[in-house]
Amino acid sequence: MSLESASQPLVEMSNIEKHFGGIRAVNGVSLDLYPGEVVGVLGHNGAGKSCLMRILSGAMIANEGSIKVNGERAEIQSPHDARDLGIETIYQTLALADHLNAPANLFLGRELKTRLGNLDDRKMMAETQRVLRKLNPNFKNLDDPVAKLSGGQRQVIAIARAIYFNVKILIMDEPTAALGPSETAMVADLIKGLRADGIGILLVSHDMHDVFELCDRVVVMNKGRNVGSHRIEDVTKDDVLSLIIKGELPGDWVPRGRDRVQ
Amino acid sequence: MANLDREAYPVPAALRLSAGSFHKLSAVLTLVALVIAFSFGNDAFFTVNNGLTVLLQTSVIGLLGIGMTMVIITGGIDLSVGSVLALSGVVTGLSIKAGVPTAPAMALGIVAGAFCGFLNGFVITKMRITPFVATLGMMLIARGVALQLTGAAPISRLGEAFGILGNGSLFRIVEKTGGIFPKVVFPGIPYPAILLAFVAIGAAYLLNKRQAGRHIYATGSNEEAARLAGVLVDRTKIFAYTMSGALAGLAGNVLMSRLVTVQPNEGVMYELDAIAAAVIGGASLMGGVGNISGTMIGAFIIGVLRNGLNMAGVSAFIQQIVIGVIVILAVYIDQIRNRR
């Protein structure tokens, strides 16, 4: 699979540390992500996975450690820096400005402008229509403030915003939490499509079914540490649960995939 | 947010009123009702002359209201505009006394106002002081500086040129009668009103058509989301407070010019009129909502009320009560609309 074909990782986070006072939220965590790979990031609430993702997306700055993107050292000091590197994030809270309409949210921070520097609302609306139609054909009320839209529609806007701008690394924090079955299936198709395009995806999820269906690899965090990074075919759901809860694999564990291959 | 299921059965788009336009319509109707009511009460109310007087009187509240609207949209408040208005006038007055020509002196006054606004923004974003406290502090500081610089005494004899901005008018038509007093056919459109129109159009353009304006709305709507989307939230807020300060400076120069005297104790409580204008016009103190046309309607509702009640011989104390009631009603109507 693509994992073998790619020689250089898209993202290499090494020895990332983040302290809040005396609490080590992220403690010497290293993580890599290859092109066309979907990595599930798992762990309890408070295990430090959101913290780690926020560091990569520029929403938080690490105390220690380095991040390399495409083999080059990257200084990610702000969400702006992360976006310039092609790192896009779909936040669990969606991070939408409720009073603005769909196009204004989709292009927030990266507004399209006319030659005179005015906002090109017409073009932004047309582009939004084009992108949203692909994700959800019966999306109509684009001109309403997003506060008036349904949870699923809001999620679609947040997803559209992440994939519209030449994304290379996509961080998805619980992308299907607010969605119904058909929309969840849409997101799964979307992830498969992006993976086929060579985009690296970090998927933060609690849904074991999603993780095993979509991910190539899982990284499990426990108490701020990375307690395991495994190919999905090497582990069972029980193994992953053991990592999440106890921070270690069951005592009798051997890579399951190899069993099956042999 | 309260009306997620608003469109259970779709209404034709033409008949549908957004919350904003509903509020604006009710504000316009209030304004029209006020004008009609006062017209019946007093023959002199609905005349060209009085109309122009209202324009002149409203221009100061209007200018302050425009700056206030920008700040309120970011989710903040600026309590310092009345004091900054006075300080700007004092800076202009002292500059003229120091020999600076009138126009550059006025520019200096406006710059002083903008600087006060910038300090507000800096204290709020970098020192993380809430807007209420930061601008309350600036309200005291700016007033104190204005009083200290002048020894609390008015500055007069500032020259004829100083009075032009506040007292001049465009298209004034005067008929020479040969007597001492020429007959005024049309008193002309006062410069402050023209200035207000230009500033209002400029501010509306900024808020609706420029990236800075879009970021002002986004910051007030959801600050964290705006930050995550790469909006420079701190810079956006500092910009809004600086604009508010600059417009307070401009309003100060207009007001002092009208009096042809610099009064360091002028403009007390003006911030409340400006907030009232913005709120009557539909701006939400929670941020993310507000627009210039609404604020202009709000400013004129206050202007017409003041003028009409004055002409009806109602005391200034009663006027305060009436305006207070109107502010509460405006917010109440908005809430009902949003709950529906």
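Residues numbered from 1 in each chain as written. Chains lettered and ligands numbered in written order. Predicted model: local features only at pLDDT ≥ 70, side-chain atom pairs only at ≥ 80, totals over all residues.

Colleague: Quick question: what am I supposed to make of the domain arrangement of chain A here?
Modeller: Per the domain assignment, the segments of chain A are domain 1 (2-86 + 167-261) and domain 2 (97-165). When its residues are assigned to classes, the side of domain 1 of chain A that touches domain 2 of chain A shows eight nonpolar, one polar and one charged. (Domains from an automatic or database assignment. Nonpolar A, V, L, I, M, F, W, Y, C, P; charged D, E, K, R; others polar.)

Colleague: Could you clarify how one ought to interpret the interface of chain A and chain B in this entry?
Modeller: How large an interface is tends to be reported as the accessible area lost when its parts come together. Contact with chain A, which involves 21 residues of that partner, is made by 22 residues of chain B. The class makeup of the residues in the side of chain A that touches chain B is eleven nonpolar, four polar and six charged. (Contact = placed C-beta atoms within 7 Å.)

Colleague: Any chance you could explain the nonpolar core here in plain terms?
Modeller: Generally speaking, nonpolar side chains in soluble globular proteins are found buried as a group. Within the largest apolar cluster, 172 residues are counted, with the highest numbers of intra-cluster contacts made by Leu56 and Leu203 of chain A together with Leu63, Leu64, Leu247 and Ala251 of chain B. The dominant element in this core, judged by the number of residues it contributes, is helix α10 (residues 233-259) of chain B, at 14 residues. Split by domain, the residues of this core number at least three in each of domain 1 (2-86 + 167-261) and domain 2 (97-165) of chain A. Not counting chain neighbours up to four residues away, the residues in contact with Leu63 of chain B comprise Leu196, Val199, Leu247, Leu250, Ala251 and Val254 of chain B. (Core = buried A, V, L, I, M, F, W, Y, C linked by C-beta atoms within 7 Å. Buried ≥ 20, exposed ≤ 12 C-beta atoms within 10 Å, placed from the backbone. Helix = DSSP H or I, 4+ residues; strand = E, 2+ residues; numbered from the N terminus.)

Colleague: Which parts of the structure should I look at to understand helix α2 (residues 48-73) of chain B?
Modeller: Residues spaced three or four apart along an α-helix point in a common direction, a consequence of the helix completing one turn every 3.6 residues. All names here are of chain B. The terminal C-alpha atoms of α2 lie 35 Å apart, and with 26 residues this matches the ideal 38 Å at 1.5 Å per residue to within 8%. The largest bend along α2 reaches roughly 35° and is located at Ser59. Most of α2 is tucked away: 19 of the 26 residues are buried. Directly beyond the C-terminal end of α2, a positive phi value near 90° is found at Gly75. (Expected span 1.5 Å × (residues − 1). Bend = angle between axes of the 7 residues up to and from the residue.)

Colleague: What am I meant to see in the environment of Asn118 of chain A here?
Modeller: In this structure, Asn118 of chain A sits in the loop between α4 (102-106) and α5 (121-135). On the basis of neighbour counts, which here come to 14 C-beta atoms within 10 Å, the residue Asn118 of chain A falls in the partly exposed class. For Asn118 of chain A and Val240 of chain A, which are 122 residues apart along the polypeptide, the C-alpha to C-alpha distance reads 51 Å. With residues up to four places along the chain from it excluded, the contact list for Asn118 of chain A reads Lys113 of chain A together with Lys209 and Arg210 of chain B.

Colleague: Got a minute to help me understand the environment of Ala161 of chain B in this structure?
Modeller: Residue and element names in this part refer to chain B. Secondary-structure assignment places Ala161 in the loop between α5 (131-150) and α6 (164-167). Classification of Ala161 by C-beta neighbours within 10 Å gives partly exposed; the count is 14. Separated by 58 residues in the primary sequence, Ala161 and Ala103 place their C-alpha atoms 8.6 Å from one another.

Colleague: It is not clear to me how the sheet that holds strand β6 (residues 87-90) of chain A should be interpreted in this structure. Could you clarify?
Modeller: Pairing between sheet strands relies on hydrogen bonds along the backbone, with the strands arranged either parallel or antiparallel. All names here are of chain A. Spatially, the six strands line up as an open sheet ordered β6-β7-β8-β3-β9-β10, and their pairing is mixed. Every other strand in the sheet has two partners, leaving β6 and β10 (225-231) as the edge strands with one partner each. The average undirected angle you get between the axes of adjacent strands in this sheet is 20°. Pairing between strand β7 (residues 169-173) and strand β8 (residues 200-204): five bridges, direction parallel. Paired with Ile169 across the two strands is Gly200, which belongs to β8. In this fold helix α7 (residues 181-196) packs onto β3 (38-43), β7 and β8, with an angle of close to 150° to the strand it touches most, β8. Together, β3, β9 (217-222) and β10 form the strand contacts of helix α9 (residues 237-246), whose direction differs from that of β9 by roughly 25°. (Pairing = 2+ DSSP bridges. Axes fitted to C-alpha atoms, helices over the stretch in contact; angles between N-to-C directions.)

Colleague: I tried to follow the packing of α2 of chain B against α10 of chain B on my own but got confused; where do I start?
Modeller: The geometry of a pair of packed helices is captured by two quantities: the angle between their axes and the separation between those axes. All names here are of chain B. One way to put it is that α2 packs onto α10 with a least axis distance of 8 Å and a crossing angle of 175°. Classified by the interaxial angle, the pair formed by α2 and α10 is roughly antiparallel. Where α2 approaches α10, its residues Ser59, Val60, Leu63, Leu64, Ile66, Gly67, Met68, Met70 and Val71 are matched on the opposing element by Ala240, Tyr241, Met243, Ser244, Leu247, Ala248, Leu250, Ala251, Val254 and Leu255. Residue composition of the contact of α2 with α10, grouped by class: 16 nonpolar, three polar and no charged. (Parallel < 35°, antiparallel > 145°, perpendicular 65-115°, else oblique.)

Colleague: Mind showing me how you'd approach the sheet that holds strand β4 (residues 64-69) of chain A here?
Modeller: Residue and element names in this part refer to chain A. The strand order β2-β1-β4-β5 describes an open sheet built from four strands, whose pairing is antiparallel. Each having just a single partner strand, β2 (23-33) and β5 (72-74) make up the two edges of the open sheet. Averaged over all pairs of adjacent strands, the angle between their axes in this sheet comes to 30°, without regard to strand direction. As judged from the three bridges shared by β4 and β5, these two strands associate in the antiparallel manner. Within β5, the position partnered with Lys68 by the bridge is Arg73. Across the sheet, helix α2 (residues 49-56) is in contact with β1 (11-20), β2 and β4; its angle to β1 comes to roughly 115°.

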